[in-house]
Amino acid sequence: MRRLREHPVGAWTYGRTVGDVVNSLYNAAPGWSYLAARLQILWQGRAPDPTPPPPAPPVPNPNPYTGEEQAAAVFCGESPNPRDPGAYHALAEASARRAGDAGRFWAWAGEPCATWPAVAANGYRGPWNKPTAHPVLVIGTTYDPATPYSGAQALAKELAHGRLLTHHGYGHTELTNPSTCVHAYESRYLIDGTLPPPGAACRQDIPPFAAPVPAAASPPAAERWPAGSPGPAAAPRAGSPLDAADPSGRPAYSVLTTTVRMTLSAKVWPFASHAGHR
């Protein structure tokens, strides 16, 4: 990454590469294998093939619009963010000191919220420990690069009646990194409200690097994101604020180890509509 700041490889700038790393960590198999191959090609001074976009979700209307504003409408409308665009430079560097290149990425990801024109009329920001009609099942992945397992643990404790199901796996949520064991618990919970026993844990069906990477460093779109699954955050483009960030940087491999230290969150399945509000 340090080298890319001063010497981009074709269209692969520092900002674009950090965005590609963060996004590609969401899907562990085969995403991590393709990411490793792209980083290796960049290390050799060559430009890898561009990462294909995720496939469109299966809806009655073909070619649905999947622009970046869809995520921003939720993110900016329902969370507090600085309204001064100039504040994000300091936030980005503070985040980089805490979480490396990925921290800088996520700080700049919130910058569009400074000028976002709308706020949720009835957004819910707590408290989260109010009694609910039914218990809430919280599923946390132990090596989630975007919503750390510590966040799932904290949420399960904070809820008035929560139960944590541990998913021993990699990538962002079990939804895009499946576990047959987790699916079974989810089905019982959603059908009849049965919770997993305290301390229950499952393993991911397919671990990272389970298969060799083809010669091309980018996967077909259908292999990268399961149809209908939530895609990752938008990657910064060439010329983004990330490319103009502080010149201190670290080798590309460090990004793989620091992205697990991001803002806490968790995947939550409310059994009743009023059991959870996010």
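What comes next is a walk through the structure. Please read these numbers as outputs of a predicted model, since none were measured by experiment.

1. Quick word on helix α3 (residues 31-43)
- The end-to-end C-alpha distance of α3, which contains 13 residues, comes to 18 Å, matching closely the 18 Å that a straight helix rising 1.5 Å per residue would cover.
- Within α3, 10 of the 13 residues are buried, which leaves it mostly tucked inside the rest of the structure.
- Among the residues of α3, Gly 31, Trp 32, Ser 33, Tyr 34, Leu 35, Ala 37, Arg 38, Leu 39, Ile 41 and Leu 42 are the ones counted as buried.
- Directly beyond the C-terminal end of α3, a positive phi value near 85° is found at Gly 45.

2. What about the packing of aromatic side chains?
- For the structure shown, the criterion picks out five aromatic pairs.
- For the ring pair Phe 105 and Trp 106, a centre distance of 5.0 Å and an interplane angle of 90° mean the geometry is edge-to-face.
- Of the residues examined, Phe 105 reaches a relative accessible area of 1% and is grouped as buried.
- With relative accessibility at 26%, the residue Trp 106 sits in the partly exposed group.
- Members of the aromatic cluster, each reached through a chain of ring pairs, are Trp 32, Tyr 143, Tyr 170 and Phe 209.
- Directly above the ring of Trp 43 sits Arg 3, whose terminal nitrogen or CZ lies 4.8 Å from the centroid.
- One residue, Arg 5, lies across the ring of Tyr 14, its end atom 3.9 Å from the ring centre.

3. Some thoughts on the pairing of strand β2 (residues 162-170)
- Sheet topology note: the strand β1 (residues 136-143)/β2 ladder contains seven bridges and is parallel. Bridge pairing in β2 links Ile 139 to Leu 165.
- Crossover β1 to β2 through helix α6 (residues 149-158) is right-handed.
- Where β2 and strand β3 (residues 201-203) come together, three bridges link them in parallel fashion. Residue pairing for β3: Thr 166 is matched across the bridge by Ala 201.
- The parallel pair β2 and β3 is bridged by helix α7 (residues 180-192), and the resulting crossover is left-handed.

4. Some points on the side chain of Ser 33
- For Ser 33, the position within the fold is in helix α3.
- Take Ser 33: its relative accessible area is 6%, and that puts it in the buried class.
- Excluding residues within four positions of it along the chain, Ser 33 makes contact with Ala 28, Phe 209, Ala 211 and Val 213.

5. Regarding unusual backbone geometry
- That bond from Ala 29 to Pro 30 is cis: its omega, 10°, falls within 30 degrees of zero.
- Among the structural elements, Pro 30 can be located in the loop between α2 (14-24) and α3.
- Residue Gly 126 is joined to Pro 127 through a cis peptide bond whose omega torsion reads 5°.
- Position of Pro 127 among the secondary structure elements: in the loop between α5 (88-109) and β1.
- Not every positive phi belongs to a glycine, and Thr 173 is a case in point at roughly 70°.
- Looking at the element boundaries, Thr 173 is found in the loop between β2 and α7.
- What makes Thr 173 buried here is its relative accessible area of 13%.

6. Here we look at helix α4 (residues 69-78)
- Of all the residues in α4, the buried ones are Ala 72, Cys 76 and Gly 77. Down the axis of α4, the buried side of the element spans an arc of 105°, and every buried residue falls inside it.

Cut-off values and rules
Residues numbered from 1 in each chain as written. Predicted model: local features only at pLDDT ≥ 70, side-chain atom pairs only at ≥ 80, totals over all residues. Heavy atoms only, no water. Helix = DSSP H or I, 4+ residues; strand = E, 2+ residues; numbered from the N terminus. Expected span 1.5 Å × (residues − 1). Buried < 20%, exposed > 50% of the residue type's maximum accessible area, 1.4 Å probe, protein only. Phe/Tyr/Trp six-rings, centres within 6.5 Å; stacked < 30°, edge-to-face > 60°. Lys NZ or Arg CZ within 6 Å of the ring centre and 35° of its normal. Pairing = 2+ DSSP bridges. Right-handed = clockwise from strand over helix to strand, strands pointing away. Contact = heavy atoms within 4.5 Å. Arc of directions from axis to C-beta.

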